[in-house]
Amino acid sequence: MNFKIELDIMNAKLRIPAIVIMVLLLLAGCGTVPEAVPPAAEQPSKDKPAKRIATRPRPSNQYYHYTEAQLHSKSGRMDQAIQHLRKAIDQDPASPLLKIELARFYLHQKDRTNALKVLQNVLSTTPDNVKALTLYGMINQDMNNLQAAKKAYKEVLLIDPHQERIYLILGRIYMEVNDLNAASEIYQGLVTYYPESYAGHFYLGKIYAQTGAQAEAVKAFTRSLALEPDLEESRFELIKIFESQGRSDDVLKTYKELLERNQGNTRAAMGLGLFYHAKGHAKEAQEIFWQLGQQSVSCLLY
């Protein structure tokens, strides 16, 4: 807290009558006041040894210990790094940044238990700390504590909805447990705040396709390709939909797009060969399979 100190300085002008000055001079006499001569500076004697300058003790504060911790960390001496960081925290126990760094050091040693304890301490005093919540969620996710991980990630997004990476992580967790409604909500939030996220549109397309909303799926996959034309997986997903709808021309077109962008795409070549074979185009299918065979031989030889 800054305190404002106001000082009122009064400049007083003293007007002394001339008669008073004359009286003072008479009382003082005519003698002159000797000037005070400062003592001569003591010169070092040749016979006397030079005085030793006292060694300055090492500072004992959070900045010193934090710096030492970083230096030890960079050199791989994590035990010493943790020791100095704990001393820094003792000097500044209210600093969440120091504690989060300590949690990272513990993770470097694969000590997730102590890392979680430190982060819980941070969150007990600063529950809206995004860095602590994110790290807490990641550790729990790594330990397969998905409920704790999801809770932490959702709190992150409530505090700061611009955390693009958290949308992707949380959405993936919901996709892995087949909670498509929750995953859809997360990815909708992602494309709301990041409309240029091709990954967000791709995963929405996957959800639409799995729930039977094929028209929406086609739109989402097409949007992801507009944002990232080299995203092969979106084209393979579109091929599945086109095949289920009997749209052979679109299937053929999409396979050719894949091979135009990557002639060595074995998956696309094999799919196109099987598509030709299923449609009775034996010559085209045989040519593709022969080329794939030649590539396999070349790989074995070289």
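Since we're looking at a predicted model, the values are computed, not measured. (Residues numbered from 1 in each chain as written. Predicted model: local features only at pLDDT ≥ 70, side-chain atom pairs only at ≥ 80, totals over all residues. Heavy atoms only, no water.)

Focus: the pattern of salt bridges
Two side chains carrying opposite charge are able to pair once their charged atoms lie near each other.
Here is step 1: Taken as a whole, this structure holds 10 salt bridges when the rule is applied.
Here is step 2: Of the charged contacts, one joins R112 and D142 as a salt bridge, the two residues approaching to 2.8 Å between their closest N and O atoms. Here D142 lies in helix α6 (residues 130–142) and R112 lies in helix α5 (residues 112–125), a separation of 30 residues in the sequence.
Here is step 3: E176 is the partner of R172 in a salt bridge, and the nearest nitrogen-oxygen pair spans 3.7 Å. Linking R172 with E176, this pair stays in helix α8 (residues 164–176), spanning 4 residues, or about one helical turn.
Here is step 4: Assessed through its relative accessible area of 41%, R172 is described here as partly exposed.
Here is step 5: By sharing partners, the salt bridges in this structure join K206, E237 and K240 into a single network. (Salt bridge = Lys/Arg side-chain N within 4 Å of Asp/Glu carboxyl O. Helix = DSSP H or I, 4+ residues; strand = E, 2+ residues; numbered from the N terminus. Buried < 20%, exposed > 50% of the residue type's maximum accessible area, 1.4 Å probe, protein only.)

Let's talk about the packing of aromatic side chains
Here is step 1: For the structure on display, the rule yields 5 aromatic pairs.
Here is step 2: Arranged with centres 5.0 Å apart and planes meeting at 10°, the rings of Y187 and Y203 form a pair that is stacked. In this pair, Y187 sits in helix α9 (residues 180–193) while Y203 sits in helix α10 (residues 198–210), placing the two residues 16 residues apart along the sequence.
Here is step 3: Classification of Y187 as buried rests on a relative accessible area of 0%.
Here is step 4: Look at F202 and Y203: their rings are 5.3 Å apart centre to centre, the planes differ by 70°, and that puts the pair in the edge-to-face class. Each member of the pair, F202 as well as Y203, is classed as buried.
Here is step 5: The rings of Y187, F202, Y203 and F221 are connected pair by pair, giving a single aromatic cluster. (Phe/Tyr/Trp six-rings, centres within 6.5 Å; stacked < 30°, edge-to-face > 60°.)

Some points on the packing of α10 against helix α11 (residues 214–227)
Here is step 1: In contact at an axis separation of 8 Å, α10 and α11 are set at 160° when each is read in the N-to-C sense. On the basis of their axis angle, the class for α10 and α11 is roughly antiparallel. Relative to α11, α10 is oriented so that their crossing is left-handed. Only Q214, E216, A217, A220, F221, R223, S224 and L227 of α11 make contact with α10, whose side of the interface consists of Y198, H201, F202, L204, G205, K206, Y208 and A209.
Here is step 2: Looking at the contact of α10 with α11, its residues break down into 9 nonpolar, 4 polar and 3 charged. (Axes fitted to C-alpha atoms, helices over the stretch in contact; angles between N-to-C directions. Parallel < 35°, antiparallel > 145°, perpendicular 65-115°, else oblique. Left-handed = near helix turned anticlockwise from the far one by under 90°. Contact = heavy atoms within 4.5 Å. Nonpolar A, V, L, I, M, F, W, Y, C, P; charged D, E, K, R; others polar.)

A short note on the environment of E155
Here is step 1: Summarising the element assignment, E155 is placed in helix α7 (residues 146–159).
Here is step 2: Given a relative accessible area of 30%, E155 falls into the partly exposed group.
Here is step 3: Each C-alpha atom, one on E155 and one on P127, is 9.3 Å from the other, the two residues being 28 residues apart in sequence.

Digging into the side chain of S224
Here is step 1: Relative to the helices and strands, S224 is located in helix α11.
Here is step 2: For S224, the side chain forms a polar contact with the main-chain oxygen of F221, separated by 2.6 Å.
Here is step 3: Not counting residues up to four positions away in its chain, the partners in contact with S224 are Y198, H201, F202, L231 and S234. (Polar contact = N/O pair within 3.5 Å; in protein donor to acceptor, adjacent residues only side chain to side chain.)

Shape descriptors only; they carry no functional weight alone.
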